[in-house]
Every structure is written in C-alpha cells, then in structure tokens.
Amino acid sequence: MRYANLLTSGELNAYLADIDRQAEELFLRLVKQMADTEGITETLKANNQMEWVRQMNNVRSRAFEIVEADIIYA
C-alpha cells in the first residue's frame, strides 16, 4: 500500500533516495566504528595486506547485514 501511495503521489524517487542516503551513511559509520574497535589500522594494511583485506571484508559484510536489517527490510 505504501508503495502505491508513494508512486501515485510522485514521491517514490525522493523516498528511495532518502533511504539510500540513510543506508550509505549508516554503513560507512558502522564500518569505521567496527574497524576502530577491532584494531584494523593502516599499520596492519602496510604490514599484512591480505590480513587487512580479510578483516575489512568481514567488517563490511557484518555492516551490510545490519543495514539491511535496520533500514532496507524494516
């Protein structure tokens, strides 16, 4: 019902753009916070790139799941 109301009122694009902006902001904030908390630093990146990539991919995956649950599918 909400989709139909937004579509017919012409507000669907603005609504989707706002959701996209919120999701992107939350994702970036979560990645930064998790990386800081877990000690994923530029020093690690310089010394052991593969470990840094592994840890950052893990953080990004978890952050994406949180964003999906909180914003996209809420």
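See above for the structure.
Here the structure is a predicted model, which means the values were calculated and not measured.

**Thoughts on the overall build of the protein**
Then comes step 1: Within the protein, the regular secondary structure consists of four helices and zero strands.
Then comes step 2: Ordering the α and β elements of the protein from the N terminus gives α-α-α-α.
Then comes step 3: In summary, the protein has a C-alpha radius of gyration of 17 Å against a globular reference of 11 Å for 74 residues, an excess of more than 25%.
Then comes step 4: Taking the principal axes of its C-alpha atoms as reference, the protein extends roughly 55 × 20 × 15 Å.
Then comes step 5: Counting all 74 residues of the protein, 23% fall into the buried class.
Then comes step 6: Taking as baseline every contact in the protein between residues at least 6 positions apart, the subset at least 24 positions apart corresponds to 60%.
Then comes step 7: Total accessible area on the protein stands at roughly 5,700 Å², and carbon and sulfur atoms take up 54% of it.
Then comes step 8: One finds the centroid of the 8 positive side-chain charges in the protein at a distance of 3 Å from the centroid of its 12 negative side-chain charges.

**Remarks on the environment of Leu30**
Then comes step 1: By the secondary structure assignment, Leu30 is in helix H2 (residues 12-37).
Then comes step 2: Here Leu30 falls in the buried class, since its relative accessible area comes to 14%.
Then comes step 3: It is 8.9 Å that separates the C-alpha atoms of Leu30 and Phe64, two residues lying 34 residues apart in sequence.
Then comes step 4: The residues touching Leu30, leaving out its near neighbours within four places in the chain, are Ala63, Ile66 and Val67.

**Focus: the side chain of Gln55**
Then comes step 1: Within the secondary structure, Gln55 is located in helix H4 (residues 49-72).
Then comes step 2: We classify Gln55 as buried; its relative accessible area is 18%.
Then comes step 3: At a separation of 2.7 Å, a polar atom in the side chain of Gln55 contacts the side chain of Glu51.
Then comes step 4: Look past the residues within four positions of Gln55 in its chain and what remains in contact with it is Ile40 and Leu44.

**Re the packing of H2 against H4**
What describes two packed helices is the angle between their axes and the distance between those same axes.
Then comes step 1: Where H2 meets H4, the closest approach of the two axes is 9 Å, and the angle between their N-to-C directions is 140°. Classified by chirality, the crossing of H4 by H2 is right-handed. The residues of H4 that touch H2, namely those facing Ile19, Gln22, Ala23, Leu26, Phe27, Leu30, Val31, Met34 and Ala35, are Met56, Val59, Arg60, Arg62, Ala63, Phe64, Ile66, Val67, Ile71 and Ile72.
Then comes step 2: Looking at side-chain class alone, the contact of H2 with H4 contains 16 nonpolar, one polar and two charged residues.

Definitions and limits used
- Residues numbered from 1 in each chain as written.
- Predicted model: local features only at pLDDT ≥ 70, side-chain atom pairs only at ≥ 80, totals over all residues.
- Heavy atoms only, no water.
- Helix = DSSP H or I, 4+ residues; strand = E, 2+ residues; numbered from the N terminus.
- Rg over C-alpha atoms; globule rule 2.2 N^0.38 Å.
- Buried < 20%, exposed > 50% of the residue type's maximum accessible area, 1.4 Å probe, protein only.
- Contact = heavy atoms within 4.5 Å.
- Areas by Shrake-Rupley, 256 points an atom, 1.4 Å probe, with all protein chains shown as cover.
- Lys, Arg positive; Asp, Glu negative; His and termini not counted.
- Charge placed at Lys NZ, Arg CZ, Asp CG, Glu CD.
- Polar contact = N/O pair within 3.5 Å; in protein donor to acceptor, adjacent residues only side chain to side chain.
- Axes fitted to C-alpha atoms, helices over the stretch in contact; angles between N-to-C directions.
- Left-handed = near helix turned anticlockwise from the far one by under 90°.
- Nonpolar A, V, L, I, M, F, W, Y, C, P; charged D, E, K, R; others polar.

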